[in-house]
Amino acid sequence: MGMTMTQKILAAHAGLESVTAGQLIEAELDMVLANDITAPVAIKEFEKTGATCVKCRDKISLVMDHFTPNKDIKAACQVKYTREFAEKQQIEHFFDVGEMGIEHALLPEKGLVGAGDCVIGADSHTCTYGALGAFSTGVGSTDMAAGMLTQKCWFKVPAAIEVRLTGELPPFVTGKDVILHLIGLIGVDGALYRSLEFTGEGVKSLSMDDRFTICNMAIEAGAKNGIFPVDDKTKEYMHGRFRREPKIFTADDDAEYERTVSIDLSVLKPTVSFPHLPENTRTEWAELPVQQVVIGSCTNGRISDMRQAAEILNGRRVHKGVRCIVIPATQDVYLQAMKEGLLEIFVKAGAIVSTPTCGPCLGGHMGILADGERCVSTTNRNFVGRMGHITSEIYLASPYTAAASAVLGKLATAKEVF
Amino acid sequence: MVKGTVHKYGNDVDTDVIIPARYLNTSSPEELAAHCMEDLDRDFVSRVRTGDVIVAGDNFGCGSSREHAPIAIKASGVSLVIANTFARIFYRNAINIGLPILECPEAVSNISAGDVVSCELSTGVIVNETTGKRFQAQPFPEFIRNIIAAGGLLNSLAKK
């Protein structure tokens, strides 16, 4: 029986000819990642062992993105602790305010992850890099600490679910709608312990930003990772960016998939996840006034997302009573949006533009919700209390849908504003 | 052997309700424990006693990779979490920080809130002391039990 893309990458990093689902392996890591919330726990664990030195200082990324710019004294102390560790260990890829961006937008952009890599990150959305044809998965701080110590991690080789894509997306329907639709189909534990392997002729029509968004939310279906095949778009994205030689793996023709889910992209509609689970997807709803809109995050803070939001907000006004918060994910995205005049469009429309931060997505800062408030958000989780008060409600949607909702003051799709 | 009173929850208990992100500006186990389960069960912290057991449905610990979640549960005094299934990152994290967890759907459907439950981790035998019913969960292999007994993965590595 053949191997999936994920299995081939894991086999190569474990120094094995082949692996099968369920096998326990130890794999070499090309990059280990943590942020300002998970790194302090990892550093404490690292120091517990009595170790004085990380294994590979150029294969560790520490990104200060969650509660930064420091939201309070405790957050400031956590960042300081991490910064001092990074200085002491001479960590090459330490990103502080001014250089940092939201980690899962930043690492691909900086060329720190690429095709064929095996990556762990102490952040559940580390699965984003599957868009580049890499195996990448979220772990906890202890695994991250062990990764810094040994540059290795043990894995159970996952069984796979194939997601076969056909057709092309209609206007105003994006990668976000694809992944929300998929989670709606299979549920928040539909891919538990498994890999989501995206295949089919529909892949080629999806932009890299769409693929990042889709892989980013693989975890929301419980998956260990999501992964796309490498094509010309992937190569073009990595060209001049990726600092190592890409290694391109392709699934065997007889790769084993536990099940296949087929999605015809051409019939998808703007999709929204209603409270309080990403699997509660809908494409129709009764009138639902909203008080806040967030456009950003590791899911949807890239330049395409900014362009889509600007397309809707250009020449329009954010509805009275709605706070619209736009957060470009990285400094480069911010600068590009500035050059293209997108930031001016946002400000003129009555939205605000924030420096890169995870901030409101996890109820950290920059837009916390009061009791009973509704927010349409391009982020990734709508759990109880995720963005603030436990009676607040989060509706997960694409940048088009979020921007349209900001303009109309109610949950709405892009077509409703034209 | 662990033994304690059961706190029971449903499916898809996520790490945001186990420990809300607003408290992640610290990694102190005691401070985290003071807010454990706060957005799901406000009285948990005042009710929980050392040794208590959490029993839940499918996909326990889904969402964020924050290790603060199992740390908060362990520091609150909970000795064991039994669920139908665990989200995969939580599963790794619990073992890595030394919080015992077991998957046992049969036990979950036959244990109620307030029951007293005991478990022998080396055999995976769970006993509902209130009803007298016994259940068999797949026990962890010895190397995993050693990690848990050492108080976590890196403690066990440090000992080697």
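Residues numbered from 1 in each chain as written. Chains lettered and ligands numbered in written order. Predicted model: local features only at pLDDT ≥ 70, side-chain atom pairs only at ≥ 80, totals over all residues.

### Some details on the overall build of chain A
Applicable threshold: Numbering of helices and strands runs from the N terminus, with a helix taken as a DSSP run of H or I at least four residues long and a strand as a DSSP run of E at least two residues long. Just to be clear, the radius of gyration here is over C-alpha atoms, and the globule rule we use is 2.2 Å times residues to the power 0.38. Here the C-beta atoms are placed from the backbone, and a residue counts as buried if at least 20 other C-beta atoms lie within 10 Å of its own, exposed if 12 or fewer do, and partly exposed otherwise. Contacts are defined on C-beta atoms placed from the backbone: any two residues whose C-beta positions lie within 7 Å are in contact.
What chain A contains, in helices and strands, is 13 helices and 18 strands. Here chain A has a C-alpha radius of gyration of 20 Å; the compact-globule value for 418 residues is 22 Å, and the two agree. If one aligns the C-alpha atoms of chain A with their principal axes, the spans along those axes are about 60 × 50 × 40 Å. Each of the 418 residues in chain A was classed as buried or not, and the buried ones make up 60%. Once local pairs closer than 6 in sequence are excluded, the contacts in chain A between residues at least 24 apart make up 77%.

### Things to note about the packing of helix α2 (residues 38-48) of chain A against helix α3 (residues 73-89) of chain A
All names here are of chain A. Stated precisely, the cut-off is as follows: The convention used is that axes are lines fitted to C-alpha atoms, helices contributing only their stretch in contact, and that angles between N-to-C directions extend from 0 to 180 degrees. Each angle is binned into one of four classes, with values under 35 degrees roughly parallel, values over 145 roughly antiparallel, values of 65 to 115 roughly perpendicular, and all other values oblique. Less than a right angle of anticlockwise turn of the near helix away from the far helix marks a crossing as left-handed, whereas a clockwise turn marks it as right-handed. All residues other than Ala, Val, Leu, Ile, Met, Phe, Trp, Tyr, Cys, Pro, Asp, Glu, Lys and Arg, Gly among them, are scored as polar; the first ten of these are nonpolar and the last four charged.
Closest axis-to-axis distance for the α2/α3 pair is 9 Å, and the angle between their directions is 50 degrees. Accordingly, the angle class assigned to the pair α2 and α3 is oblique. Along this stretch, α2 crosses α3, giving a crossing that reads as left-handed. Of α3, the residues touching α2 (which contributes A39, P40 and I43) are Q78, Y81, T82 and F85. Here the contact of α2 with α3 is built from residues that sort into 5 nonpolar, 2 polar and no charged.

### A word on the sheet that holds strand β4 (residues 101-103) of chain B
Residues and elements named next belong to chain B. Basically, it comes down to this: In this scheme, strands are said to pair when DSSP sees at least two bridges between them.
Reading across from one edge, β4-β3-β2-β1-β5-β6-β7 is the order of the 7 strands in this open sheet, with mixed pairing throughout. One side of each edge strand has no neighbouring strand; the edge strands of this open sheet are β4 and β7 (134-136). Ignoring strand direction, the axes of neighbouring strands in this sheet form an average angle of 25 degrees. The sheet contact formed by strand β6 (residues 125-128) and β7 spans 3 bridges and is antiparallel. Within β7, the position partnered with V125 by the bridge is Q136.

### Topic: the interface of chain B and chain A
Each partner contributes to the interface: chain B provides 34 residues, whereas chain A provides 41 residues. Breaking the side of chain B that touches chain A down by element, the ones donating at least two residues are α1 (15-18), α5 (88-97) and α8 (153-159) of chain B. Top contributing element to the side of chain B that touches chain A by residue count: α5(B), with 6 residues. Taken together, the residues of the side of chain B that touches chain A sort by class into 12 nonpolar, 12 polar and 10 charged.

### Looking at the pairing of strand β15 (residues 323-326) of chain A
Residues and elements named next belong to chain A. In this sheet, β15 lies alongside strand β14 (residues 292-295) in parallel orientation, the contact comprising 4 bridges. Within β15, the residue paired with I295 across the bridge is V326. Of the pairings in the sheet, the one linking β15 to strand β16 (residues 352-353) comprises 2 bridges and is parallel in character. Pairing of V326 across the sheet is with V353, part of β16.

### Describing the environment of S65(B)
Within the fold, S65(B) resides in the loop between β2 (53-56) and α4 (68-75). C-alpha separation for the pair S65(B) and E38(B), spaced 27 residues apart in sequence, amounts to 18 Å. Discounting chain neighbours no more than four positions away, the residues touching S65(B) are T38(A), A122(A), D123(A), S124(A), G138(A), V139(A), G140(A) and I89(B).

### What to know about the domain arrangement of chain A
Residues and elements named next belong to chain A. Selection rule: Residue ranges assigned to the domains are those given by an automatic or database domain assignment.
What the domain assignment lists for chain A is domain 1 (5-264) and domain 2 (272-416). Summarising the inter-unit geometry, the C-alpha centres of domain 1 and domain 2 are found 24 Å apart. Between domain 1 and domain 2, the residue contacts involve 34 residues of the former and 35 residues of the latter. At the level of secondary structure, the elements contributing two or more residues to the side of domain 1 that touches domain 2 comprise α4 (103-109), α6 (175-186) and α7 (208-216). Among the elements that line the side of domain 1 that touches domain 2, the one with the most residues is α6, at 6 residues. Among the residues making up the side of domain 1 that touches domain 2, the classes are represented as 12 nonpolar, 13 polar and 9 charged.

### Brief notes about the sheet that holds strand β8 (residues 160-166) of chain A
All names here are of chain A. Strands sit in the order β10-β9-β8-β11 across an open sheet of 4 strands; the sheet is parallel. Of all strands in the sheet, those with a lone pairing partner are β10 (225-227) and β11 (259-264), marking the two edges. Averaged over all adjacent pairs, the angle separating strand axes in this sheet is 20 degrees, with direction ignored. Sheet topology note: the β8/β11 ladder contains 6 bridges and is parallel. From the neighbouring strand, V163 faces β11, where its bridge partner is V261.

### Let's talk about α5(B)
Counting buried positions along α5(B) yields 10 of 10 residues, so the element is predominantly enclosed. Within α5(B), burial applies to R88(B), I89(B), F90(B), Y91(B), R92(B), N93(B), A94(B), I95(B), N96(B) and I97(B).

### What to know about the confidence of the model for chain B
Let me state the cut-off plainly: Confidence of the prediction at every residue is given by pLDDT, a number between 0 and 100.
Within chain B, residue pLDDT values average 95, and 99% of them lie at 70 or more. Overall fold confidence for the complex sits at a pTM of 0.97, while the interface term, ipTM, reaches 0.93.

### Let's talk about the pairing of β6(B)
All names here are of chain B. For strand β5 (residues 116-120) and β6, the ladder comprises 4 bridges, and the chain directions are antiparallel. By the bridge assignment, C119 is partnered in β6 with I126. Adjacent in sequence and paired antiparallel, β5 and β6 are bridged by 4 residues, among which G124 carries a positive phi angle near 80 degrees. The turn joining β6 and β7, which pair antiparallel and follow one another in sequence, is formed by 5 residues; a positive phi near 85 degrees is taken by G132.

### So, the environment of A310(A)
All names here are of chain A. Structurally, A310 can be placed in helix α10 (residues 303-313). Exposure remark for A310: the 23 C-beta atoms within 10 Å place this residue in the buried category. Ignoring anything within four residues of it in the chain, the contact list for A310 reads L342, I345 and F346.

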